[in-house]
Each structure stands twice: as structure tokens, then as C-alpha cells.
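For reference, the chains in residue letters:
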Amino acid sequence: MKNKKMAPIGVFDSGVGGLTVAREISRQLPYENIVYFGDTARVPYGSKSQNTIIRFSEQIIRFLRTKQVKAIVIACNTASALAVKDEFDLPIIGVVIPGARAAVEATTNGKVGVVGTEATVQSGMYTKVIQGMNPKIEVIEKACPLFVPLVEEGFKEHIVTREIIEYYLESMRNTDIDAMILGCTHYPLFREALERYFEGGVKIIDSAEACAESARAFLDENSIAASLAKTGNVRYYFTDLPSDFNGGLRRFLGSAPSYMEKAQLE
């Protein structure tokens, strides 16, 4: 790779949720080029076996390598926890560790909440990582599976959403948590609703935000951040393009993507 600084960052997810990570990277690192890959033909990953998720992830990483990326961000919580990171001669950053670290730094009373999909919560990966950093921290995890379809339907401010938040999180609000990780890349779209629900008493940790900060620190530390010559661009690849796909993307990006292509994996 002749000019590593100008090479793009690869970002991948099982679908469109990882767009929140790509968007945050673009916000924090506006000069970086990004190649986003969403495996929309095979979403969701959470219900699949570990071996299948690893195989899918390795296929996507090989695809991103053909785009000459300088680093890869795994924007999928499920895939982030699996052992694909040491098998490729390429820097790979996941969303779990940055989010966990941000929560450890944010809590003052040692009680952290985590909301995520069924698969993420059942894996207990956030509890494991947080307590690996500080074993004294109590972690309360809660699966909120209906958050994903509500986000994808654009129900950010709908009364149904408020009722579902109450249904899932009433018990967590009655604890003493002072920090809560959004352990799914769809959930940042509910951040304002969740802050209102907890009446500002809980620090909401956006895993997309924390992951982008981690990527920025890595690029700076390794002297491969893009030059400030021009604003970066984002290219989007998906394994399936269902009807009204552009409409769904606008909910995550705020606008239609500038470049989008259907990708064929091996």
C-alpha cells in the first residue's frame, strides 16, 4: 500500500445498524475515506452459530482487503466478540471494548447497565470485559429485542417506543446504575428517548461514539490518520438491496448515500 494514510477505513456489520458507527467515524474523522459493508442478505447474526458468524466475518474481511483498507472496524456487537482479530495481518477494532472502557470511566458508583439484543446479553460479553477491567463493577444486562424493529420502522418518538422502553427498563431504572451502554448499533437512535426516560440521571454510553474515538486514537498513535487535504468519502456495499432500502438508510444517515453497490461475496 503506497500511501497508507489515504487508504480507507473498512467498517462492517450484519446489516444497517453499523451505519451509526460509520456516521460517527465520519463525524469525528471527516478527512477519512470509509468503505462500509452491510451483510443485509444474511442478517441477523445473533441467532447463528459462532462458527457461522466467524465464517461470515472472515468473508467480509477478505472483501474489505480488496478495497485496500488500512484498518477494519467491526460494528457488529456479536462479531466483535469472536476470534477473527488475530487471523488477519490488519488492525481490527471492535465496538465492545471501547464501549466497556467508556462505561468503566463514566461510572462513579460502580454500577453499569447494558442494553442489547438477546444474543449479546446471553453471551455476557459486556459483563466479562467490564469486570476484566474492574472486577468491583456490578453489571446489569437487559435484552431489548424490540428496539431494533422499532428503529428500522422509524419509531424514534412513537408512543409505542415509549411504552416498550418502560416495559424493558422499568426494573433497571429502579437500580442505582449511573451509566448504561447501548450495546447494539441500532440503539443510538433511541439515545434521546432513553436520556429522557432516565431523567438525565444515567450517563448513556453510545458504543458507536466510543468505537469511533478508539479508531481515531489508533490512527493517531500509528501515524496513519488521513491528511487534512480534503473531506473523505464513504462507499457503501450491501449483500442485498430490498425495496425502499434508501428510505431505511436515511433513518441512520440522515440523507441518501452518495455511493451504494450490491456486493457479491465468495
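Look a little higher up for the structure.
Now for a look at the structure at hand. (Residues numbered from 1 in each chain as written. Predicted model: local features only at pLDDT ≥ 70, side-chain atom pairs only at ≥ 80, totals over all residues. Heavy atoms only, no water.)

Now for the overall build of the chain. Looking only at helices and strands, the chain features 11 helices and 10 strands. Computed over its C-alpha atoms, the radius of gyration of the chain comes to 18 Å, within 12% of the 18 Å expected for a compact globule of 266 residues. In terms of principal-axis extent, the alpha carbons of the chain reach across some 55 × 40 × 40 Å. Here the chain holds 266 residues, and 53% of them are scored as buried. Within the chain, contacts between residues separated by at least 24 positions form 74% of all contacts whose residues are at least 6 apart in sequence. Summed over its atoms, the accessible surface of the chain is roughly 12,300 Å², and 47% of this surface lies on carbon and sulfur atoms. (Helix = DSSP H or I, 4+ residues; strand = E, 2+ residues; numbered from the N terminus. Rg over C-alpha atoms; globule rule 2.2 N^0.38 Å. Buried < 20%, exposed > 50% of the residue type's maximum accessible area, 1.4 Å probe, protein only. Contact = heavy atoms within 4.5 Å. Areas by Shrake-Rupley, 256 points an atom, 1.4 Å probe, with all protein chains shown as cover.)

Moving on to the sheet that holds strand 6 (residues 138–143). Read across the open sheet, the 4 strands follow the order 6-5-7-8; overall the sheet is parallel. Both edges of this open sheet fall to strand 6 and strand 8 (203–206), since each of them pairs with a single strand only. Averaged over all pairs of adjacent strands, the angle between strand axes in this sheet comes to 20°, irrespective of strand direction. Pairing between strand 5 (residues 111–116) and strand 6: 6 bridges, direction parallel. The residue of strand 6 that forms the bridge with valine 114 is glutamate 141. Packed onto the sheet, helix 6 (residues 125–133) meets strand 5, strand 6 and strand 7 (179–182) and runs at close to 165° relative to strand 6. Against the sheet, helix 10 (residues 207–221) makes contact with strand 7 and strand 8, and its axis sits at roughly 55° relative to strand 8, the strand it touches most. (Pairing = 2+ DSSP bridges. Axes fitted to C-alpha atoms, helices over the stretch in contact; angles between N-to-C directions.)

Scanning the entire structure with this criterion turns up 11 aromatic pairs. An angle of 55° between the planes, with centres 5.5 Å apart, marks the rings of tyrosine 167 and tyrosine 168 as tilted. Under the relative-accessibility criterion, tyrosine 167 is labelled exposed at 64%. Given a relative accessible area of 8%, tyrosine 168 falls into the buried group. Ring centres of tyrosine 197 and phenylalanine 198 lie 5.3 Å apart, and the angle between their planes is 85°; on these two criteria the pair is classed as edge-to-face. Here tyrosine 197 matches phenylalanine 198 in class, with each residue buried. (Phe/Tyr/Trp six-rings, centres within 6.5 Å; stacked < 30°, edge-to-face > 60°.)

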